[in-house]
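Here is what each chain is made of, one letter per residue.
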Amino acid sequence: MNINIDKIRQFSNRLLMQVDVPQDEAEIITEVLLEADLREIHSHGFLRLPIYVERIQKGLITNKVNLNAEQENPVLALLDGNYGAGQVVAHKAMEISIEKAEESGIGLVAVKNSNHFGITAYYSLMAAKQDKIGIVISNVAPLMPAIGGAEKVIGNNPISIAAPAGEGDPIVLDMALSNTAFGKILFAKEKNQPIPEGWGVDAKGVPTTNPDDVINGGFLSPVGGPKGFGLALMAEILTGVLSGGHFSKMIPSMYDVKQKQSISHFMLTIDIKQLIPLEIYYSSVKQLVSYIRDSKKAEGTDRIYLPGEIEFLKEKRNKESGVPMEEKTFSSLNELARTLGVDELTV
Ligand SMILES: NC(=O)c1ccc[n+]([C@@H]2O[C@H](COP(=O)([O-])OP(=O)(O)OC[C@H]3O[C@@H](n4cnc5c(N)ncnc54)[C@H](O)[C@@H]3O)[C@@H](O)[C@H]2O)c1
């Protein structure tokens, strides 16, 4: 089904405000979730609203963000998010990173004690929309073993780099560092299909192509084997370690509703014009894009895409047709609305 954008916006804000989230903060959380569903990254869209609300109700996410700068100079800041909603904390942190870059050429903001912030591209794109390059990383609860390990020690820590591209949409890489999402393993099981090599290992840490082995006590594998593991580890250092926050096994799952999560973010903005004239940057990006887009295509390929391009195409289409939503997500949102006594979402 497809939901009218204004209806889902108002609905999500109503739910959040019903659990005492201030309107301006509810609006930021809603926009990040909406952007995920419009880009068809449904795993990080309104599907997550019930768990956020539950965590807010239990005081595991504070319902009013109180950001505290522990260190600050013209090019960097260390913020304590004080367990505020990840979207609001990250949005504010990125605004500070962009302001510093505008003033000083570069702006690095390290954040500790935040929460799950949804799609990483939302924040890197904030910089790209202002002629700047944005680099954003977050840590998450551990999901993957080390190479050769058989215990979860590292998150599939997402990384996004967004680069403005002049007249076209920005080029935006937005990826988790696991080879695949857990949902895709469940999907292969449902279809009785093997999973490709490199997607996961069994409970003993042995690589497998049987989805059951991963589902029953096994683990996701890092993208690109040891290289992805190395990137995930470095992401952990740039986030949890560099901010003086939590990392690896210190972070409980978001679905453990007894414990606060303490998530860390790393936001870096580069003001291009303070390095080279913007016209030169944009003309080089145009040339680079044409080298890639116009390159010889593999047999069976009609079109070459840039990172983020497929998601932008989906977003444009869905802005016309409404937010695509699974029946199951729609029902769970309305179940939550009934529990909280707010008006239900309609199609
Ligand atoms: N907040 C968190 O804790 C958390 C954790 C993990 C993931 N995430 C989010 O989950 C989302 C999904 O991550 P993912 O790794 O599954 O993404 P993905 O595998 O769908 O895409 C990864 C990247 O590859 C690009 N891409 C895909 N197909 C392409 C093609 N044919 N040509 C060129 N580029 C192509 C995409 O544009 C994207 O930039 C991201 O938004 C990420 O930020 C968030």
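This text follows the structure it describes.
Note that the structure is predicted; figures quoted are calculated from it, not measured.

1. Things to note about the nonpolar core
Right, so step 1: With 54 residues, the main nonpolar core has Ile8 and Tyr123 as its most contacted residues.
Right, so step 2: Among the secondary structure elements, those contributing two or more residues to this core are helix H1 (5–18), helix H2 (23–38), helix H3 (49–57), strand E3 (76–80), helix H4 (86–104), strand E4 (106–114), helix H5 (121–128) and helix H11 (327–340).
Right, so step 3: Two domains each provide a minimum of three residues to this core, namely domain 1 (1–57 + 310–347) and domain 2 (61–176 + 223–275).
Right, so step 4: Not counting the four nearest positions on each side in its chain, Ile8 is found in contact with Ile3, Leu34, Phe46, Val323, Met325, Leu333 and Leu345.
Right, so step 5: Counting 27 residues, the second-largest nonpolar core is a separate cluster that includes Leu177, Ile185, Ile195 and Leu306.

2. Re the side chain of Asn13
Right, so step 1: Looking at the secondary structure, you find Asn13 in helix H1.
Right, so step 2: When near neighbours in sequence (up to four residues on either side) are disregarded, Asn13 contacts Ala26, Glu27 and Thr30.

3. Examining the packing of aromatic side chains
Note on aromatic pairs: each is described by the distance of the centres and the angle between the planes.
Right, so step 1: Tallied over the entire structure, the rule returns 3 aromatic pairs.
Right, so step 2: Measuring from centroid to centroid gives 4.7 Å for Phe117 and Tyr123, while their planes differ by 35 degrees, and the two rings are tilted.
Right, so step 3: Centre to centre, the rings of Tyr281 and Tyr282 are 5.1 Å apart; their planes meet at 75 degrees, and the pair counts as edge-to-face.
Right, so step 4: The exposure class assigned to Tyr281 is buried, which follows from its relative accessible area of 10%.
Right, so step 5: Aromatic rings pair up to connect Phe117, Tyr122 and Tyr123 into one cluster.
Right, so step 6: The cationic tip of Arg39 hangs over the ring face of Phe312; the distance from NZ or CZ to the ring centre is 4.5 Å.
Right, so step 7: Of note, Lys260 hangs over the ring of Tyr83, and the distance from its end group to the ring centre comes to 4.5 Å.

4. Brief notes about the pattern of salt bridges
Right, so step 1: Counted under the stated rule, the structure contains 20 salt bridges.
Right, so step 2: Residues Arg9 and Asp6 are paired through a salt bridge, measuring 3.4 Å at the closest nitrogen-oxygen approach. Separated by 3 residues within a single helix, Arg9 and Asp6 lie in helix H1, roughly one turn from each other.
Right, so step 3: Note on Asp6: relative accessible area 44%, which makes it partly exposed.
Right, so step 4: If you follow the salt bridges from partner to partner, you end up with Glu102, Lys132, Asp271 and Lys273 in one network.

5. Observations regarding the packing of H1 against H11
Right, so step 1: Two elements in contact, H1 and H11, have axes whose closest approach is 11 Å; the angle formed by their N-to-C orientations is 40 degrees. The orientation of H1 relative to H11 falls into the category oblique. By crossing handedness, the relation of H1 to H11 is classed as left-handed. Residue-level inspection shows Ile8, Phe11, Leu15 and Gln18 of H1 in contact with H11, the latter providing Leu333, Asn334, Leu336, Ala337 and Leu340.
Right, so step 2: For the contact of H1 with H11, the residue count by class is 7 nonpolar, 2 polar and no charged.

6. Brief notes about H4
Right, so step 1: Taking 1.5 Å per residue, 19 residues should reach 27 Å; H4 reaches 26 Å between its end C-alpha atoms and fits that length.
Right, so step 2: Directly after H4, the chain includes Gly105, whose backbone phi takes a positive value near 95 degrees.

7. Considerations on the site of the ligand
Right, so step 1: Lining the immediate surroundings of the ligand are 20 residues, of which Thr120, Val140, Asp174, Gly308 and Glu311 lie closest.
Right, so step 2: In this structure, an oxygen atom belonging to the ligand sits 2.7 Å away from a side-chain N or O atom of Thr120.
Right, so step 3: One of the backbone N or O atoms of Val172 is found 3.4 Å from an oxygen atom in the ligand.
Right, so step 4: Surface burial for the ligand is 73%, taken as the share of its 870 Å² of free accessible area covered by protein chains.
Right, so step 5: Ranked by residues supplied to the shell around the ligand, first place goes to strand E7 (residues 171–175) with 4 residues.
Right, so step 6: Looking at the shell around the ligand, its residues break down into 12 nonpolar, 6 polar and 2 charged.
Right, so step 7: The residue makeup of the shell around the ligand includes at least three contributed by each of domain 1 (1–57 + 310–347) and domain 2 (61–176 + 223–275).

8. Notes on the sheet that holds strand E5 (residues 132–138)
Right, so step 1: If you trace the 7 strands from one edge of the open sheet to the other, you get E2-E3-E4-E11-E5-E6-E7, paired in mixed fashion. Where the open sheet ends on each side, the last strands, each with one partner, are strand E2 (68–72) and E7. Across the sheet, the axes of successive neighbouring strands diverge by a mean angle of 10 degrees, strand direction being ignored.
Right, so step 2: Both strand E6 (residues 159–163) and E7 contribute to a ladder of 5 bridges, which runs antiparallel. Note on E7: the bridge partner recorded for Ala163 is Ile171.

Conventions and cut-offs
Residues numbered from 1 in each chain as written. Predicted model: local features only at pLDDT ≥ 70, side-chain atom pairs only at ≥ 80, totals over all residues. Heavy atoms only, no water. Core = buried A, V, L, I, M, F, W, Y, C linked by side-chain atoms within 4.5 Å. Buried < 20%, exposed > 50% of the residue type's maximum accessible area, 1.4 Å probe, protein only. Helix = DSSP H or I, 4+ residues; strand = E, 2+ residues; numbered from the N terminus. Domains from an automatic or database assignment. Contact = heavy atoms within 4.5 Å. Phe/Tyr/Trp six-rings, centres within 6.5 Å; stacked < 30°, edge-to-face > 60°. Lys NZ or Arg CZ within 6 Å of the ring centre and 35° of its normal. Salt bridge = Lys/Arg side-chain N within 4 Å of Asp/Glu carboxyl O. Axes fitted to C-alpha atoms, helices over the stretch in contact; angles between N-to-C directions. Parallel < 35°, antiparallel > 145°, perpendicular 65-115°, else oblique. Left-handed = near helix turned anticlockwise from the far one by under 90°. Nonpolar A, V, L, I, M, F, W, Y, C, P; charged D, E, K, R; others polar. Expected span 1.5 Å × (residues − 1). Near = heavy atom within 4 Å. Polar contact = N/O pair within 3.5 Å; in protein donor to acceptor, adjacent residues only side chain to side chain. Areas by Shrake-Rupley, 256 points an atom, 1.4 Å probe, with all protein chains shown as cover. Pairing = 2+ DSSP bridges.

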